[in-house]
Amino acid sequence: MKKYNFNAGPSILPKEVIEATAAACIEFEGSGLSLMETSHRAKNFQPVVDEAVALLKELLSIPEGYSVIFLGGGASLEFCMVPYNLLEKKAAYLNTGVWATKAQKEARLFGEVVEVASSKDKNFTYIPKQFDIPTDADYLHVTTNNTIYGTELLRDIDSPIPLVADMSSDILSRPVDVSKYGIIYGGAQKNLSMAGVTFVIIKEDILGHVSRPIPTMLDYRTHIKKGSMFNTPPTVPIYCALQNLKWIKKQGGVEAMERRAIERAEIVYSEIDRNKLFVGTAEEDSRSRMNITFVLKDEYQDLQDEFMAFATSRGMVGVKGHRDVGGFRASCYNAMSVEGCLALVACMKDFEAQH
Ligand SMILES: *Cc1c(COP(=O)(O)O)cnc(C)c1O
């Protein structure tokens, strides 16, 4: 049976990206070696990193003065690296969920943290609209897509201080005005690659302004200077990212990714709104295109396990909601097809007809 992968992360990748990565793991570009046993300093590996950096810059129209680096440690390590490198006295954080809270917690180890707004009062079902950005803070941190709660900040905020964004789960799903950001980072396993690599896009001139010493590995300047090769980078995940960046370009770039994201979200949300059994959890104007969260209406709560079993029997994978929200979550990342969304909708319709 055909499987439709709605996993939140690690998550769906285009078939050709998986095939190209798998092929390189068997033999890397006719070298007689597997990519897994190839040195990151090999002549044939350097172009992989260079091309991945160049393609990410091209696809997101990253301006001059920015560097792209690939690191280990996941988005979670960035929660610590960002304040380590940027927080001198005070930082501002927008609290839109568990990941945003975790990011803020790390910053508190380095200085004062101001929470500019929070949607915790309603279990993070919305993105706060009005908030003041303290101009004396070193940066403002936002999480553009809240993977667990299914909310998304779809605009690039105008910030008088450097804007830092965790874009783990919506990177490359829409055009972004990178010039408005100081740092954009994320774990690659949601929308860019397989697990194991972190991408960081940094405006170079925001670095070097803190007085504390920074451990070498946690200093962004180390990795910028060495072109992500200070130590051994995650070679296979970087190769996989390159294949995916090529795929995105071939599909028409981030504009095409955005058109598809809008189409997929429209298909699934309109069924949630129409279907008598289900209700969306996020407020309408904060709905994420990437992670679509919904629950059974109060009167149908006892159908939870039955719907999960029904969806699974129809080939849906990973639609169980996060424990903090409950219900269901359909993660519709770049590689998800309209066909997959239509299959999920058909499943919801057929289940409704049975009840
Ligand atoms: C998954 C996720 C993280 C954590 O990423 P790791 O790479 O596992 O550390 C952080 N932020 C957001 C928005 C996420 O979706």
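Higher on the page you've got the structure.
One structure accompanies this document, and this report is about it. Per chain, residues are indexed from 1 in the order of the written sequence. For this predicted model, a pLDDT threshold of at least 70 governs which residues receive local features, and a threshold of 80 or more governs which side-chain atom pairs are given and counted, while totals over whole chains, interfaces and linings are taken from all residues. Note: side-chain values were computed over all heavy atoms of the structure, leaving out hydrogens and water.

In this section: helix α7 (residues 253-274). Numbering goes from the N terminus for both helices and strands, where a helix is a DSSP run of H or I of at least four residues and a strand is a run of E of at least two. Residue count minus one, scaled by 1.5 Å, sets the expected span of a helix. Look at α7: 32 Å from first C-alpha to last across 22 residues, which is about the 32 Å you get at 1.5 Å a residue. Any pair of residues with heavy atoms lying within 4.5 Å of one another is described as a contacting pair. In this structure, the buried side of α7 is in contact with α2 (46-59), α6 (235-251), β11 (278-280), β12 (291-296) and α9 (338-353).

Here the term buried applies to any residue with accessible area under 20% of the maximum for its type, exposed to any over 50%, and partly exposed to those in between, with areas from a 1.4 Å probe on protein chains only. Looking only at helix α8 (residues 304-313), the buried set comprises Gln304, Phe307, Met308, Phe310 and Ala311. For α8, the buried positions fall inside an angular range of 165° around the axis, keeping them on one side. Tucked into the core, α8 has its buried residues touching β11, β12, β13 (316-317), β14 (328-331) and α9. Once α8 ends, the next one or two residues include glycine 315, with phi positive near 95°. To obtain the arc, one takes the directions from the helix axis to the C-beta atoms.

Further remarks concern the nonpolar core. To define a nonpolar core, start from buried Ala, Val, Leu, Ile, Met, Phe, Trp, Tyr and Cys residues and group those joined through side-chain atoms within 4.5 Å. Counting residues in each nonpolar core, the largest one holds 59 residues, and the members touching the most others are Leu60, Leu140, Leu172, Ile184 and Ile201. Residues within four places of leucine 172 in sequence aside, it is in contact with Leu56, Leu59, Leu60, Leu192, Leu245, Ile248, Val254, Met257 and Asn334. Counting residues in hydrophobic clusters, the runner-up holds 36 residues, among them Tyr4, Ile272, Met308 and Cys341.

Look at α2 against α6: their axes get within 9 Å of each other, and the N-to-C directions meet at 40°. Considering the relative orientation of α2 and α6, their crossing is left-handed. On the side of α2, the interface is formed by Val48, Val49, Glu51, Ala52, Leu55, Leu56, Glu58 and Leu59, while α6 contributes Ile238, Tyr239, Leu242, Leu245, Lys246, Ile248 and Lys249. Looking at the contact of α2 with α6, its residues break down into 11 nonpolar, no polar and four charged. The axes used here are C-alpha line fits, helices contributing only the stretch in contact, and every angle between their N-to-C directions lies in the interval 0 to 180 degrees. With the far helix as reference, a near helix turned anticlockwise by less than a right angle produces a left-handed crossing, and one turned clockwise produces a right-handed crossing. In the scheme used here, Gly and all other residues not listed as nonpolar or charged are polar, with Ala, Val, Leu, Ile, Met, Phe, Trp, Tyr, Cys and Pro taken as nonpolar and Asp, Glu, Lys and Arg as charged.

This part covers the sheet that holds strand β5 (residues 140-143). Spatially, β2-β10-β9-β8-β5-β3-β4 is the arrangement adopted by the seven strands of the open sheet, whose pairing is mixed. Strands at the two margins of the open sheet, each flanked by one partner only, are β2 (66-71) and β4 (112-118). With strand direction ignored, the average angle separating the axes of adjacent strands in the sheet is 20°. By definition, two strands form a pair when at least two bridges between them are found by DSSP. The pairing of strand β8 (residues 163-166) with strand β9 (residues 183-187) spans three bridges and is parallel. Bridge pairing in β9 links alanine 165 to isoleucine 184. Lying on the sheet, helix α4 (residues 98-107) is in contact with β3 (90-95), β4, β5, β8 and β9; it crosses β3 at an angle near 165°.

Here we come to the site of the ligand. Residues in contact with the ligand amount to 14 residues; listed here are only the nearest, Ser76, Thr147, Asp166, Gln189 and Lys190. Any pair of nitrogen or oxygen atoms within 3.5 Å is treated as a polar contact; in protein, a donor-acceptor pairing is required on top of that, and neighbouring residues in sequence qualify only through side-chain atoms on both sides. At a separation of 2.6 Å, an oxygen atom of the ligand approaches a polar side-chain atom of serine 76. The contact in question runs from an oxygen atom of the ligand to an N or O atom on the side chain of lysine 190, over 2.6 Å. Reported accessibility uses the Shrake-Rupley method at a 1.4 Å probe radius. Residues are deemed covered only where the shown protein chains occlude them. Expressed as a share of its isolated accessible area of 390 Å², the protein-covered part of the ligand is 88%. Tallying contributions element by element places helix α3 (residues 74-86) first for the shell around the ligand, with four residues. Working definition: residue near molecule or strand if any one of its non-hydrogen atoms lies within 4 Å of it.

Okay, the packing of aromatic side chains next. Aromatic rings from Phe, Tyr and Trp, taking only the six-membered ring of Trp, are treated as a pair when their centres fall within 6.5 Å; an angle between ring planes under 30 degrees marks them as stacked, one over 60 as edge-to-face, and anything in between as tilted. This structure, assessed with the given rule, holds 13 aromatic pairs. Charges are assigned to positions over rings by a cutoff of 6 Å between ring centre and Lys NZ or Arg CZ, combined with an angular limit of 35 degrees from the ring normal. Taking the ring centre of tyrosine 126 as reference, the NZ or CZ of lysine 122 above it sits at 5.6 Å.

Another aspect to go through is the sheet that holds β14. Overall, antiparallel pairing links the three strands, which are arranged β11-β12-β14 in an open sheet. In this open sheet, the two edge strands, each paired with only one partner strand, are β11 and β14. Averaged over all neighbouring strand pairs, the angle between strand axes comes to 30°, with direction disregarded. Bridging between β12 and β14 involves four bridges; their strand directions are antiparallel. Considered in β14, the bridge of isoleucine 292 is made with alanine 330.

To continue, consider unusual backbone geometry. With an omega dihedral of -10°, the bond running from glycine 9 to proline 10 counts as a cis peptide bond. By the secondary structure assignment, proline 10 is in the loop between β1 (4-5) and α1 (15-26). At glutamate 29, a residue that is not glycine, the phi angle is positive and equals roughly 45°. With respect to the secondary-structure elements, glutamate 29 resides in the loop between α1 and α2.

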